[in-house]
Amino acid sequence: MITGNAVPDSRGYYGEFGGRFIPEALVAAIDQLTEFYEKAKVDPEFLAEYDALLRNYAGRPSRLYHAERLSAELGCRVLLKREDLNHTGAHKINNVLGQALLTKKMGKTRVIAETGAGQHGVATATAAALMGLECTVYMGEVDTDRQSLNVARMRLLGAEVVAVRSGSRTLKDAMNEAFRDWVASVDTTHYCIGSVGGPHPFPMLVRDFNSVVGEEARQQCIEQYGGLPDAVLACVGGGSNAIGIFAGFLGDEQVRLYGFEAAGDGAETDRTAATLTKGGVGVLHGSLSYVLQDADGQTLESHSISAGLDYPGVGPEHAYLKQTGRASYLPVTDTEAMDAFRLLCRTEGIIPAIESSHALAGAVRLAKELGPEATLLVNLSGRGDKDVATAGEWFDVIGVTRTT
Amino acid sequence: MTEHRSLSDVFAATREANRAALIGYLPAGFPSRKQSADAFRALVDGGCDIVEVGMPYSDPVMDGPTIQAAATKALADGTKIADLLTIVEAISTHGGVPVVMTYWAPVTRYGVDAFARDLANAGGRGLITPDLIPDEAGEWLVASEQHGLDRIFLVAPSSTDERLAMTTSRCSGFVYAASSMGVTGARDQIGDLAPRLVERTRRVTDLPIGVGLGVRTPEHVREVASYADAVIVGSAFVTAVDHDLRQAGELVTALREATARS
């Protein structure tokens, strides 16, 4: 089931944010994608095919889990939406299966993707293998180093991984390179954007494919716990997992929505990725939203310990939700995120993605504010296998053998 | 309202001389902030009818490796919008005809109207916008009208007939036809997409049509000049300027000679 939202309008605007700031060479492909998607989302055959893939291949519905030991630690009820249990280990598979199906319907034979932490790249490589599509994944060189496990996974799945050496050599530069490839190969290639950014219709389409997270979570909350949560929490880089879970609760005004951004060393410092907290309104990668940029409109380099959140832009719908006040966006530092990472490992036996640990850190903070009667629903957007090397280094536990 | 100094005088002159106009591109601040105005003056002196002053940008999705590297160098040297405007003024004072090519992010940050005002005051004739299509250009249409600047939008081989008509109806000065589906950069061949695109574009507009992307040799220029009103050269000039200005000047002159139609 794909559910929509009141936004965007027909031109792809969420209030004043969104749009299509793209080269003319891409307009035909974007128009084609829009047309195919508009038809697909009301086509029972497409929806049945997509739904079957989500259930039989991705492993949906994902569990809603009452984290009792974490709840006891925080002093309120914490529910985890276990997107980490999906095939390939994150919510990213929801969107990619939908876009890969659309790619086939459009008669294209190749997909390209950009990836930061590698979860979207792995998901794209997986869907491409499943559907017999060629696949190239662009990844910043810095990220290929810190996420080498996911690089290996993509290659094992048959994808070509291109390490991007320009700019800050992270996610935004991978996205630039993917756009360049797309301009030159658009006849045969679909650019499978992984977050709710980019030109219209990508922010809408990626949201819709991930809205299954929020729809399921809402129903599970009611069925398993007899009501809606007081707050829904998710991490925000580009914002795809957050928009996915928010989508289920936008109409429930009593449910507060919180997005937690990667503040890196602190939103007040230069080493941060807290776009909605610190950025200004600008254009990046095809849409008008919040961007970390200087007075001349040049994009600033972002920093986060999480490769998946290390991006100086954010999806336009988040900018809209911030502006309308429907959602609140707060910064979480590397240290706070890693403390929450360890807390979940030790209390629940779950190693979360460092991305998701930002939402968990938000729960630690909100629990104090909302008190013992509150129910917090946290989107555990991905599992932390890929982050073990980073976390191991942070906590200094790699290669240490204890002898007696 | 500022007086409209359209590029139409340039194309009237080149038509009169039975040749195509030569348009040369360099990023502002390249090969260094200090030498940038000299590099543009070399393009003007060598025979470029119009010079495209590129605003270097951190995320240039339409640029190939040569121009991206040049823009990165310019940014590393501290090039700002203020430098771009100073260079535009220097070109204009030197007798050249400058237009600016910029991604949309720097303009939105500067302020669309303020940018148009300051560009016009510096002697700029117009703006080429690789990632701004007319569909999103409402604010720019107003500001360019207000400050008398030409709006040069791009058309591509993938543009439908409807889009060619819509886009050219919003253009002034000339129409920028992308010779191929791809990013900037010197190529061995121009390919057969460009003449077809020019022919399709001519059916919907009387504006001059310039062809860019991949043009680097006198042979390319002669080929493009046979069917287009302007030949746009970028990466080849960037490479030449990176070597030395004298060499760049010689290349401009050689390419300018090739614009003549027999």
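Residues numbered from 1 in each chain as written. Chains lettered and ligands numbered in written order. Predicted model: local features only at pLDDT ≥ 70, side-chain atom pairs only at ≥ 80, totals over all residues. Heavy atoms only, no water.

**Observations concerning the interface of chain A and chain B**
- Tallying the contact residues gives 31 residues for chain A and 35 residues for chain B.
- In total, about 2,700 Å² of surface goes out of reach between chain A and chain B, with carbon and sulfur atoms giving 50% of it.
- Together, A:Glu24, A:Arg180 and A:Asp296 form the three largest contributors to the area buried by chain A at its contact with chain B, with a combined 27%.
- Run the count over chain A and chain B and you get three salt bridges.
- Between B:Asp59 and A:Lys172 there is a salt bridge; the shortest N-O distance is 2.9 Å.
- Remark: the boundary between chain A and chain B carries 19 residue pairs in polar contact (both at pLDDT 80 or more).
- When residues of the side of chain A that touches chain B are traced back to their parent elements, those giving at least two are helix H1 (27-40), helix H8 (171-185) and strand S11 (280-284) of chain A.
- With six residues, H8(A) is the single largest residue contributor to the side of chain A that touches chain B.
- Its residues placed into classes, the side of chain A that touches chain B shows 15 nonpolar, nine polar and seven charged. (Contact = heavy atoms within 4.5 Å. Buried area = accessible area lost by both parts, 1.4 Å probe. Salt bridge = Lys/Arg side-chain N within 4 Å of Asp/Glu carboxyl O. Polar contact = N/O pair within 3.5 Å; in protein donor to acceptor, adjacent residues only side chain to side chain. Helix = DSSP H or I, 4+ residues; strand = E, 2+ residues; numbered from the N terminus. Nonpolar A, V, L, I, M, F, W, Y, C, P; charged D, E, K, R; others polar.)

**What to know about the sheet that holds strand S3 (residues 64-66) of chain A**
All names here are of chain A.
- One open sheet holds the six strands; their spatial order is S3-S4-S14-S9-S10-S13, and the pairing between them is mixed. The two strands at the open ends of the sheet, each matched to only one other strand, are S3 and strand S13 (327-333). The sheet shows a mean angle of 30 degrees between the axes of neighbouring strands, direction not considered. (Pairing = 2+ DSSP bridges. Axes fitted to C-alpha atoms, helices over the stretch in contact; angles between N-to-C directions.)

**Overview of the packing of helix H4 (residues 92-105) of chain A against helix H5 (residues 119-131) of chain A**
All names here are of chain A.
- Following both chains from N to C, one finds H4 and H5 inclined at 40 degrees, their axes separated by 9 Å at the closest point. The angle between H4 and H5 places the two elements in the oblique class. The interaxial crossing formed by H4 with H5 has right-handed handedness. Together, Lys 92, Ile 93, Asn 95, Val 96, Leu 97, Ala 100, Leu 101 and Lys 104 of H4 and Gln 119, His 120, Ala 123, Thr 124, Thr 126, Ala 127, Leu 130 and Met 131 of H5 make up the contact between the two elements.
- Tallied by class, residues from the contact of H4 with H5 come to nine nonpolar, five polar and two charged. (Parallel < 35°, antiparallel > 145°, perpendicular 65-115°, else oblique. Left-handed = near helix turned anticlockwise from the far one by under 90°.)

**Notes on the nonpolar core**
- Counting residues in hydrophobic clusters, the biggest one holds 184 residues, and the most contacted among them are A:Trp182, A:Phe246 and B:Trp140.
- Apart from residues lying up to four places away in sequence, B:Trp140 is in contact with B:Trp104, B:Val112, B:Ala116, B:Leu127, B:Leu132, B:Leu149, B:Asp150, B:Arg151 and B:Phe153.
- In terms of nonpolar packing, the next biggest core, distinct from the first, is built from 29 residues, A:Leu74, A:Val78, A:Ala231 and A:Ala262 among them. (Core = buried A, V, L, I, M, F, W, Y, C linked by side-chain atoms within 4.5 Å. Buried < 20%, exposed > 50% of the residue type's maximum accessible area, 1.4 Å probe, protein only.)

**Quick notes on the pairing of strand S2 (residues 50-54) of chain B**
Residue and element names in this part refer to chain B.
- Within S2, five of the five residues are buried, which leaves it mostly tucked inside the rest of the structure.
- Burial along S2 is two-sided: Ile 50, Glu 52 and Gly 54 and Val 51 and Val 53, pointing in opposite directions, are all buried.
- The pairing of strand S1 (residues 21-27) with S2 spans five bridges and is classified as parallel. The residue bridging Pro 27 from the neighbouring strand is Gly 54, located in S2.
- Following the backbone out of S1, through helix H2 (residues 36-46) and into the adjacent parallel S2, one traces a crossover that is right-handed.
- The sheet contact formed by S2 and strand S3 (residues 98-101) spans four bridges and is parallel. When the bridges of S3 are listed, Gly 54 appears paired with Met 101. (Right-handed = clockwise from strand over helix to strand, strands pointing away.)

**Describing the packing of aromatic side chains**
All names here are of chain A.
- This structure, assessed with the given rule, holds 13 aromatic pairs over all chains.
- Taking 5.6 Å as the distance between ring centres and 70 degrees as the angle between the ring planes, the aromatic pair formed by Tyr 37 and Phe 209 counts as edge-to-face. Linking Tyr 37 in helix H1 with Phe 209 in helix H9 (residues 202-225), this pair joins segments that are 172 residues apart in sequence.
- For Phe 209, a relative accessible area of 0% puts it in the buried group.
- Consider the rings of Phe 179 and Tyr 191, whose centres lie 5.3 Å apart with planes at 90 degrees: the pair is edge-to-face. Here Phe 179, found in helix H8, pairs with Tyr 191, found in strand S8 (residues 189-191); they are 12 residues apart in sequence, far enough to count as distant. You'll find Phe 179 and Tyr 191 in the same group, each marked buried. (Phe/Tyr/Trp six-rings, centres within 6.5 Å; stacked < 30°, edge-to-face > 60°.)

**Here we look at the confidence of the model for chain B**
- The predicted model of chain B has a mean per-residue pLDDT of 94, with 97% of residues at 70 or higher.
- On the interface metric, ipTM, the complex scores 0.95, and its pTM is 0.95. (pLDDT = per-residue confidence, 0-100.)

**So, the side chain of A:Ser357**
Residue and element names in this part refer to chain A.
- Within the secondary structure, Ser 357 sits in helix H14 (residues 354-370).
- Of the polar contacts made by the side chain of Ser 357, one reaches the backbone oxygen of Ala 353; its length is 2.9 Å.
- Not counting residues up to four positions away in its chain, the partners in contact with Ser 357 are Ala 337, Ala 340, Phe 341 and Pro 352.

**Details of the side chain of B:Thr14**
- Inspection of the secondary structure puts B:Thr14 in helix H1 (residues 8-16).
- Apart from residues no more than four positions distant in its own chain, B:Thr14 is found in contact with B:Arg19, B:Ala20, B:Ala21 and B:Asp49.

**Overview of H9(A)**
- When the terminal C-alpha atoms of H9(A) are compared, their 34 Å separation across 24 residues agrees well with the 34 Å that a helix rising 1.5 Å per residue should span.
- The largest bend in H9(A) is about 40 degrees, located at A:Phe209. (Expected span 1.5 Å × (residues − 1). Bend = angle between axes of the 7 residues up to and from the residue.)

**Quick notes on the sheet that holds strand S5 (residues 110-115) of chain A**
All names here are of chain A.
- Reading across from one edge, S7-S6-S5-S8 is the order of the four strands in this open sheet, with parallel pairing throughout. Edge positions in the sheet fall to strand S7 (160-164) and S8, since each of these pairs with one other strand and no more. Geometrically, the sheet is characterised by an average inter-axis angle of 20 degrees between neighbouring strands, direction not taken into account.

**Thoughts on the pattern of salt bridges**
Residues and elements named next belong to chain B.
- This structure, assessed with the given rule, holds 44 salt bridges over all chains.
- One salt bridge in this structure joins Asp 38 and Arg 41, with 2.9 Å as the shortest N-O distance. Of the two residues, Asp 38 and Arg 41 both sit in helix H2, three residues apart, roughly one turn of that helix.
- Look at Arg 41 and you get partly exposed, because its relative accessible area is 26%.
- A salt bridge links Asp 242 to Lys 73; the nearest nitrogen and oxygen atoms lie 3.2 Å apart.

**Description of helix H10 (residues 218-225) of chain B**
All names here are of chain B.
- Three or more residues of H10 are buried, namely His 220, Val 221, Val 224 and Ala 225. Looking down the long axis of H10, one finds its buried residues gathered within 125 degrees of arc, a one-sided arrangement.
- On the buried face of H10, the contacting elements are strand S8 (209-212), strand S9 (230-233) and helix H12 (245-257). (Arc of directions from axis to C-beta.)

**Here's the deal with unusual backbone geometry**
Residue and element names in this part refer to chain A.
- In this model, Arg 60 is joined to Pro 61 through a cis peptide bond whose omega is -5 degrees.
- A cis amide bond links His 200 to the next residue, Pro 201, at an omega of 20 degrees.
- With respect to the secondary-structure elements, Pro 201 resides in the loop between S8 and H9.
- The backbone phi angle of Thr 88 is positive, close to 75 degrees, even though this residue is not glycine.
- Note that Thr 88 resides in the loop between strand S4 (77-82) and H4.
- In this structure Thr 88 comes out as buried when scored by relative accessible area, which is 5%.

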